[in-house]
Amino acid sequence: MSSSERRPATPPQAKVFLEGRYRKLSRDLPQTVFFCPDCKGHPRRRRGCARCEGFGKLTRDSVQELVGWVLGAAFKTRKHKFHGAGREDVNVRMLGAGRSFVIELIAPRQLDVDLAACEAEINRRNAGRLEVLGLHWTEKARVSAIKEARRAKEYRALVRTSGAPDAEALARVLGQRITIRQRTPGRVAHRRADLERERWLELVSCAPAEDGWDVLLRTQHGTYVKEAISGEDGATEPSLSGLLGVACECVALDVTAILDEEGREPEAAPAPAPRAPGFGADL
Ligand SMILES: [Zn+2]
């Protein structure tokens, strides 16, 4: 065999896909890198940028970066993509069993990595801010699967009201699945068409708290929950404000469970394999 016919060296694996869940315990952490909207983090344009003062980002870090920095060091690559199963606002905590994500590590130079040790390192570095659970090897098909799944959610909201909710109205509403119509909220109107959508919500409980009402509610996939609470001047009809007969404002919000599409508790996922059977197939 001449040297020109020699089999080329095995190419480095192009991508590795890992899946896990994250719990976000702070109200200052976006899911993905929060680039400055003015300079977009561009290395040259950000230098004179008044909005971010040259930092290129509006927050110090994100779930993506806190996970990606540790995994990037272990897999010896600086490039990764982060895919969440939906997302919550920066100031919304993600509690309960967490939210699924897939991280895609691009052109890793190290593949022999102890994922349990990486998970422990992420959690050690970010105690009180972020927790990662169940990190395991997965495959590319999981990216679209987690992004396209429709999930109802359970939220706990601290709601400030203009007075005590009407007791009879509250009794009527509790536990009922109520259809609401929502127009695109003002806060996202710059990037979404103004459409009316129909969604459902269920008020699970509503109890007086120190500085408002402690409200547990479940909403259909794609519900604007802060607006479902306030009504946003009629843009959501009916809203919790209208249903309870008092002005309601959501002052703090947590996701407490990610449910299935119908709003039921999802069945426990099977324990992930320590090594994906197809590991190495995603070239
Ligand atoms: Zn900037």
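Being a predicted model, the structure only gives us computed values, none of them experimental.

When helices and strands are tallied, the protein shows six helices and ten strands. Across the protein, every contact between residues at least 6 apart in sequence was considered, and the portion connecting residues at least 24 apart equals 71%.

What follows deals with the pairing of strand E7 (residues 196–209). With seven bridges joining them, strand E6 (residues 177–183) and E7 adopt antiparallel strand pairing. Looking across to E7, one finds that Arg 183 is bridged to Glu 196. Of the strand pairs in this sheet, E7 and strand E8 (residues 212–219) are connected by eight bridges, and their pairing is antiparallel. Within E8, the position partnered with Cys 206 by the bridge is Val 215.

What follows is about the packing of helix H1 (residues 63–75) against helix H2 (residues 115–125). Packing of H1 against H2 brings their axes to within 10 Å, and their N-to-C directions diverge by 140 degrees. Judged by the inter-axis angle, H1 sits oblique to H2. Helix-helix and strand crossings are classified by hand; for H1 and H2 the assignment is right-handed. Mapping the contact onto sequence places Leu 66, Val 67, Val 70, Leu 71 and Ala 74 in H1 and Cys 118, Glu 121 and Ile 122 in H2. Tallied by class, residues from the contact of H1 with H2 come to seven nonpolar, no polar and one charged.

Looking now at unusual backbone geometry. Following Glu 237, the chain continues into Pro 238 via a peptide bond in cis, with omega recorded as -10 degrees. By secondary structure assignment, the location of Pro 238 is in the loop between strand E9 (236–237) and helix H6 (240–244). Positive phi, normally seen in glycine, also occurs at Glu 53, with a value near 55 degrees. With respect to the helices, strands and loops of the structure, Glu 53 is situated in the loop between strand E1 (15–24) and H1. Positive phi outside glycine occurs at Glu 232, with the angle close to 40 degrees. Inspection of the secondary structure assignment puts Glu 232 in the loop between helix H5 (225–230) and E9.

What follows covers the environment of Tyr 224. Summarising the element assignment, Tyr 224 is placed in the loop between E8 and H5. Tyr 224 sits 39 residues away from Pro 185 along the chain, and the two C-alpha atoms are 7.6 Å apart. In this structure Tyr 224 touches Gln 182 and Pro 185, once residues within four positions along its chain are discounted.

Low pLDDT marks stretches whose predicted atomic positions should not be read closely. Mean pLDDT for the protein: 90, with 90% of residues reaching 70 or above. Ignoring residues within four places in sequence, the model shows residues 276–283, a span with pLDDT below 50, making 13 contacts including any to other chains.

Ranked by size, the top nonpolar core spans 43 residues in total, and within it Leu 71, Ala 157 and Ile 229 carry the most contacts. The residue makeup of this core includes at least three contributed by each of domain 1 (12–148) and domain 2 (153–258). The residues touching Leu 71, leaving out its near neighbours within four places in the chain, are Leu 18, His 80, Ile 103, Leu 105 and Cys 118.

The subject of this paragraph is H2. Taken residue by residue, H2 has Cys 118, Glu 119 and Ile 122 as its buried positions. Across the axial projection of H2, the buried residues extend over an arc of 100 degrees, all falling on one side. In H2, those exposed residues whose orientation departs by more than 90 degrees from the buried face are Ala 116, Ala 117 and Arg 124. At its buried positions, H2 is contacted by H1 and strand E4 (130–138).

A word on the pairing of strand E3 (residues 93–106). For a regular strand, side-chain orientation follows a simple rule: the groups alternate between the two sheet faces. As paired strands, E1 and E3 are joined by nine bridges and run antiparallel to one another. Among the inter-strand pairings, Val 16 is bridged to a residue of E3, identified as Leu 105. Sheet analysis places strand E2 (residues 80–84) next to E3, joined by five bridges and oriented antiparallel. Each bridged residue has a counterpart across the sheet, and for Phe 82 the counterpart in E3 is Ile 103.

Calculation rules
- Residues numbered from 1 in each chain as written.
- Predicted model: local features only at pLDDT ≥ 70, side-chain atom pairs only at ≥ 80, totals over all residues.
- Helix = DSSP H or I, 4+ residues; strand = E, 2+ residues; numbered from the N terminus.
- Contact = placed C-beta atoms within 7 Å.
- Pairing = 2+ DSSP bridges.
- Axes fitted to C-alpha atoms, helices over the stretch in contact; angles between N-to-C directions.
- Parallel < 35°, antiparallel > 145°, perpendicular 65-115°, else oblique.
- Left-handed = near helix turned anticlockwise from the far one by under 90°.
- Nonpolar A, V, L, I, M, F, W, Y, C, P; charged D, E, K, R; others polar.
- pLDDT = per-residue confidence, 0-100.
- Core = buried A, V, L, I, M, F, W, Y, C linked by C-beta atoms within 7 Å.
- Buried ≥ 20, exposed ≤ 12 C-beta atoms within 10 Å, placed from the backbone.
- Domains from an automatic or database assignment.
- Arc of directions from axis to C-beta.

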